[in-house]
Structure formats: C-alpha cells, structure tokens
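So you can see what is in the structure, the chains are spelled out below.
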Amino acid sequence: REDYMNRLSAAFNGEWQISRQSVLLALQVADHRFQHNDALNHVSTKNRLGWQWVIGSRLAGTLGADYSRSLANFANNLVLERDILESQAYFGQLKFRMGNHWRLRFTGRQNDIDHSLATRRLDNSSTVTGTGGVEYETSSRNILGWDYRYIDGRFPEYPSAFAGQRSTREYIERGALGRIEYA
C-alpha cells in the first residue's frame, strides 16, 4: 500500500579547537510521521562526539563515541513490523611517531547493536575490534606497513537447541596483514 512520510529534522555540527586539541560534536534528530502506517512513526537520531589530541611532536590520538537510533530497514527483514535499531559505539586511536620515518598505530572500537522488536533480538550483537601496526613512511610519502587485526563478536541471544536455554555465538578473528600505500 502506498504511503507518505513527513519528516521534521534538525542538526548541529560543531568543532572547537584549543591549541592542538579539537572537540567535534555532530547531532542529528528527525521525527518521522507516516500518513497511513502510523505504527511506523518514530524519532531517529545520529550523534557523534570526538576528541582529537596531540601531545608533543610524537604522540597523537582520537577518542570518541557514536550513538544512533533508527527504524530498521525492511529490505533484509522477514518480519514486517516496527523495529527500532539502536547502535552505541566507543572508539579510540593512538599514533606514536618513533622517528622521522617509523610510526606505531593502534585503534580500537566497541560496538553494541540492539533491536526493539522481540523477534529480532536474537540479532543483537556486541563487537570489539582492534588494530595494531607499524608503518614506515618514505621521503616520497609512500607507506609500507604491517598490521595485526583482532575482531571479537558476541551474539548473546541466540536460541539454543535445548528448550529454555540460551547460547552465545562468538566470532573471533585474528590476522596479520602487510600493506603498501602510494602517495
């Protein structure tokens, strides 16, 4: 059935620089109202807070958080009901310059995704990812690097074959990767 949606939205983007540090704030909110399918009415939001910092000439990094709330997409969904998807994430990055050409790099991210619809909660997930690496930057700005990557995903509400019990699906990946970047 054909439907129309009205959306009222507002956004704010700000960046504040204090010496070599900066704080970034991005806020978006939207009120979605459907003409016929009013059960799908919802308020969505997408927000980010980040802090980029530098200490001396060798150490720099980023810390931050993301939060979003939206109506789940029906394209990949067997259940055609209202499902509000919430995502919360925390992230960080650390760069350490060891000399003119060598750098150490570390990143990490923790992300939780939750569904409001009871029949979709088995798709809730929590993941932790991390990367550590060393880079060599040539005088012509080409980069040779080696990375170690780690992913740990947990999906805690997967129904078990035994009635009334829950099991945990885990996905763990570890791997090394060489990379070359050309300027």
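This text follows the structure it describes.
Residues numbered from 1 in each chain as written. Predicted model: local features only at pLDDT ≥ 70, side-chain atom pairs only at ≥ 80, totals over all residues. Heavy atoms only, no water.

1. Topic: the pairing of strand β3 (residues 42-55)
Part 1 of the argument: Taken together, the 11 bridges between strand β2 (residues 21-34) and β3 define a ladder with antiparallel strand orientation. Bridge pairing links Val29 to Thr45 in β3.
Part 2 of the argument: Bridging between β3 and strand β4 (residues 59-71) involves 11 bridges; their strand directions are antiparallel. Of the residues in β4, the one forming a bridge with Asn47 is Tyr67.
Part 3 of the argument: Counting the residues between successive antiparallel strands, the hairpin from β3 to β4 contains 3 residues, one of them, Gly56, with a positive phi of roughly 65°. (Pairing = 2+ DSSP bridges. Helix = DSSP H or I, 4+ residues; strand = E, 2+ residues; numbered from the N terminus.)

2. Quick word on the packing of aromatic side chains
Part 1 of the argument: Tallied over the full model, the rule gives 3 aromatic pairs.
Part 2 of the argument: Note on Trp51 and Trp53: the rings are 6.2 Å apart at their centroids and 40° apart in plane angle, and the pair reads as tilted. (Phe/Tyr/Trp six-rings, centres within 6.5 Å; stacked < 30°, edge-to-face > 60°.)

3. With respect to a nonpolar patch on the surface
Part 1 of the argument: Nonpolar side chains collect at one region of the surface, where Phe12, Trp16 and Leu27 lie side by side and expose about 280 Å² of accessible area between them.
Part 2 of the argument: Here Trp16 shows up in strand β1 (residues 5-18).
Part 3 of the argument: On the accessibility criterion, Trp16 (42% relative accessible area) is partly exposed. (Patch = residues over 30% accessible without salt bridge, like charges linked within 9 Å, V, L, I, M, F, W, Y side chains within 5 Å. Areas by Shrake-Rupley, 256 points an atom, 1.4 Å probe, with all protein chains shown as cover. Salt bridge = Lys/Arg side-chain N within 4 Å of Asp/Glu carboxyl O. Buried < 20%, exposed > 50% of the residue type's maximum accessible area, 1.4 Å probe, protein only.)

4. Details of the side chain of Asp147
Part 1 of the argument: In this structure, Asp147 sits in strand β8 (residues 143-159).
Part 2 of the argument: For Asp147, a relative accessible area of 2% translates into the label buried.
Part 3 of the argument: Side chain to side chain, Asp147 and Arg105 meet in a polar contact 2.8 Å long. (Polar contact = N/O pair within 3.5 Å; in protein donor to acceptor, adjacent residues only side chain to side chain.)

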